[in-house]
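# Coordinate analysis (summary)
This is what each chain is made of:
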Amino acid sequence: MFDQDPLFKKNILETIIDSAYEWIVVVDHEGIVRYMNKTYCEFLGENPKEVIGKHVTKVIENTKMHKDVLQGKVEIADLQFIRGNYMIANRIPILNDGKVIGAVGTVIFRDTEQWKKMNSHIKALLHELNFYKKEWEEINGASYTLNDFAGTSTEVQKVKKHVKNIASGDLTVLIRGESGTGKELLAHSIHQLSERSGKPFIKLNCGAVPEHLFESELFGYSEGAFTGAKKGGKPGKFQLADGGTLFLDEIGDLPQSMQIKLLRVLQEKEVEPVGSVHTQKVNVRVIAATNRPLERLIIENKFREDLFYRINVLQIQIPPLRERKEDIWPLAENFIRLNCAETGKRILSIDDDVKEAFLAYNWPGNARELKNFVEAAIQLTHSDRLTLDVFPDFLKEKLGVNKKQLTLKEHVQETEKNVIAYYLETMNGDIMRVAKHLGIGKTNLYDKIKKYNIR
Ligand SMILES: Nc1ncnc2c1ncn2[C@@H]1O[C@H](COP(=O)(O)OP(=O)(O)OP(=O)(O)O)[C@@H](O)[C@H]1O
């Protein structure tokens, strides 16, 4: 009977495959699912009949079954992240007359307990590896490229074109834009595109270093420079960045005592470590960034004009997100994709009212705020559909959703509050300037700030 009845043989084969511990999927040459075994469907929560005919990317997250394997490439033991776990996937092309007509994919899953043990072991190792990788990148390299800078607006296209034009060469670059607009991401991209990309990318946040430590942070110190100094001394950021790029974030916060020293280094291209009598030659390209109005700081004698001209050789201005609304959605999609890849979650559709709320909001914290919103929403959602109700109340409140019905007076007050808060932020809290700009007296402005509890 085993030899003769083809239907019987087919049934046996199906039973074996369906109950196999291995998960099996078969796609055709276009990546359309033609077969998926029962255990795989069960794990994914899919109905075996309904998956047939869908594109594999709509069924399995992070799948590669539609990629190289359909070009004939065999992939064995590839690590794949599914539903929060790393799995081991094999992909084999199916050939007919030497032509690829599809592929079979298997995910090894022999014994759940054994797998869990192995999985947690690998996960811990990968975590560790990622930690060291990140640390290494932070110390030694730039982790973003220009491709990571999402957005489709003409402003973003202009910025990207400008970045490509100025990336090569040694000229100092000043990147300007509000907080969260992607200044650091662009600094990484410039470094990656430059001839210095194989050399270190070093970052110093000028707003985060106590004034008395600045000099040794930037220029290093020699042995015995002060009590507690390390044996053999310590290199500064300039020495660490030698041959590469030094990214000075928040340059507007650089203490005045350091501004003259930085200017000298940029001119002479040599540094003098604290406690040393010798100077060291350094070959470093400086990229500076700020969200502060340097021209005004110059007028207020808080920033040196000569340093400003020295760093403002090439300038890139990133407009705030509210001035390029067409970037909001591409950015949100980009963050959703990145977060899903990182967490193993899957978002297949997004409700229109989420999109509308995102487009209507003015994103004072720019792309960073949008990223945080998206990550919170994905974390809180338990389906593959992103709906407005998963957003916590305070986020909904921010987005202007669920607001109570306002009277005309309340509308007027809310507008007044928003206008004052907006100008206080863009004019860096300069009360005189804001009052003048809004055509009211200083005392009146103070009263309103108090009344609306701004800041
Ligand atoms: N155009 C963009 N495409 C993709 N991600 C972006 C973009 N702009 C900003 N981001 C992301 O938003 C976050 C904030 O960006 P980044 O740190 O570069 O901003 P910043 O302008 O340097 O902010 P700050 O002035 O506060 O230091 C990062 O996670 C970054 O990857």
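Look up: the structure comes first, before these words.
Let me sum up the structure you'll find in this document.

What counts, and where the lines are drawn
- Residues numbered from 1 in each chain as written.
- Predicted model: local features only at pLDDT ≥ 70, side-chain atom pairs only at ≥ 80, totals over all residues.
- Heavy atoms only, no water.
- Helix = DSSP H or I, 4+ residues; strand = E, 2+ residues; numbered from the N terminus.
- Rg over C-alpha atoms; globule rule 2.2 N^0.38 Å.
- Buried < 20%, exposed > 50% of the residue type's maximum accessible area, 1.4 Å probe, protein only.
- Contact = heavy atoms within 4.5 Å.
- Lys, Arg positive; Asp, Glu negative; His and termini not counted.
- Charge placed at Lys NZ, Arg CZ, Asp CG, Glu CD.
- 1 Å grid on protein atoms, 1.4 Å probe; cavity = no way out; pocket = protein on both sides within 12 Å on 5 of 7 lines; lining within 4 Å.
- Points joined across faces, edges and corners; volume = space filled by probe spheres on them.
- Domains from an automatic or database assignment.
- Polar contact = N/O pair within 3.5 Å; in protein donor to acceptor, adjacent residues only side chain to side chain.
- Arc of directions from axis to C-beta.
- Phe/Tyr/Trp six-rings, centres within 6.5 Å; stacked < 30°, edge-to-face > 60°.
- Axes fitted to C-alpha atoms, helices over the stretch in contact; angles between N-to-C directions.
- Parallel < 35°, antiparallel > 145°, perpendicular 65-115°, else oblique.
- Left-handed = near helix turned anticlockwise from the far one by under 90°.
- Nonpolar A, V, L, I, M, F, W, Y, C, P; charged D, E, K, R; others polar.
- Patch = residues over 30% accessible without salt bridge, like charges linked within 9 Å, V, L, I, M, F, W, Y side chains within 5 Å.
- Areas by Shrake-Rupley, 256 points an atom, 1.4 Å probe, with all protein chains shown as cover.
- Salt bridge = Lys/Arg side-chain N within 4 Å of Asp/Glu carboxyl O.
- Pairing = 2+ DSSP bridges.

What follows concerns the overall build of the protein chain. Looking only at helices and strands, the protein chain has 18 helices and 14 strands in total. Relative to its length of 455 residues, the protein chain is extended, with a C-alpha radius of gyration of 29 Å against a globular reference of 23 Å. Oriented by its inertia axes, the alpha-carbon framework of the protein chain measures out at about 95 × 70 × 40 Å. Counting every position in the protein chain, which comprises 455 residues, the buried fraction comes to 41%. Counting only contacts in the protein chain whose residues sit at least 6 apart along the sequence, the fraction spanning at least 24 positions is 64%. Charged side chains in the protein chain number 65 positive and 63 negative. The centres of these two groups are separated by 3 Å.

Here the focus is the layout of surface pockets. Of the voids in this model, the second largest pocket is the one considered here, and its volume is about 880 Å³. Lining the second largest pocket are 24 residues, with Tyr361, Asn362, Glu414, Lys417 and Asn418 positioned closest to its centre. Within the residue set of the lining of the second largest pocket, elements represented by two or more residues are α15 (393-399) and α16 (408-426). Of all the elements, α16 adds the most residues to the lining of the second largest pocket, at nine residues. For the lining of the second largest pocket, the domains that each give at least three residues are domain 3 (321-399) and domain 4 (408-452).

Here Gln280 is to be found in strand β10 (residues 280-281). Note: C-alpha distance between Gln280 and Phe238 (42 residues apart in sequence) is 9.9 Å. Polar side-chain contacts of Gln280 include one of 3.0 Å to the side chain of Gln239.

With that out of the way, let us pick up helix α17 (residues 431-438). All of the buried residues along α17 are Ile431, Val434 and Ala435. Taken end-on, α17 shows its buried residues confined to a sector of 100°, consistent with a single buried face. Turned more than 90 degrees away from the buried face of α17, the exposed residues are Met432 and Lys436. Residues of α17 that are buried make contact with α16 and α18 (442-452). In the stretch just after α17, Gly439 is the one whose phi turns positive, near 70°.

Attention now moves to the packing of aromatic side chains. Per the counting criterion, the structure on display carries 12 aromatic pairs. Ring geometry for Trp23 and Phe43: centres 4.3 Å apart, planes at 25°, overall stacked. Of this pair, Trp23 sits in strand β1 (residues 23-28) while Phe43 sits in helix α2 (residues 38-44); the two residues are 20 residues apart in sequence, bridging distant segments of the chain. Judged by relative accessible area, which is 2%, Trp23 ranks as buried. Residues Trp329 and Phe358 carry aromatic rings whose centres are separated by 5.8 Å and whose planes lie at 65° to one another, so their mutual orientation is edge-to-face. Of this pair, Trp329 sits in helix α12 (residues 328-343) while Phe358 sits in helix α13 (residues 352-360); the two residues are 29 residues apart in sequence, bridging distant segments of the chain. Assessed through its relative accessible area of 13%, Trp329 is described here as buried. Judged by relative accessible area, Phe358 falls into the buried class, the value being 2%. One aromatic cluster is present, built from ring pairs that chain together Trp329, Phe358, Tyr361, Trp363 and Phe373.

A few words now on the packing of α16 against α17. With their axes 9 Å apart at the nearest point, α16 and α17 run at an angle of 135° to one another. Judged by the angle between their axes, α16 and α17 are oblique. For the pair α16 and α17, the sense of crossing is right-handed. Of α17, the residues touching α16 (which contributes Val419, Ile420, Tyr423 and Leu424) are Ile431, Val434, His437 and Leu438. A per-class count over the contact of α16 with α17 returns seven nonpolar, one polar and no charged.

The next point concerns the packing of α12 against α13. The interhelical angle for the contact between α12 and α13, taken along N-to-C directions, is 120°, at an axis separation of 10 Å. When the axis of α12 is compared with that of α13, the two are oblique. In this structure, α12 meets α13 at a crossing whose hand is right-handed. Across the interface between the two elements, Ile328, Trp329 and Ala332 of α12 pack against Lys355, Phe358 and Leu359 of α13.

Bringing a nonpolar patch on the surface into the picture now. Residues Val74, Ile76 and Ile92 make up a contiguous nonpolar surface patch of about 250 Å² in total accessible area. The residue Ile76 is located in strand β3 (residues 75-82) in this model.

All right, on to the pairing of strand β8 (residues 245-249) then. Counting buried positions along β8 gives five out of five residues, so the element sits mostly inside the fold. Of the two faces of β8, the one carrying Thr245, Phe247 and Asp249 and the one carrying Leu246 and Leu248 are both buried. Pairing of strand β7 (residues 201-205) with β8 involves five bridges; the strand directions are parallel. In the strand pairing of β8, Leu204 is matched with Leu248. In this structure, β8 lies alongside strand β11 (residues 285-290), joined through four bridges in parallel fashion. Its bridge partner being in β11, Leu246 is matched across the sheet by Val286.

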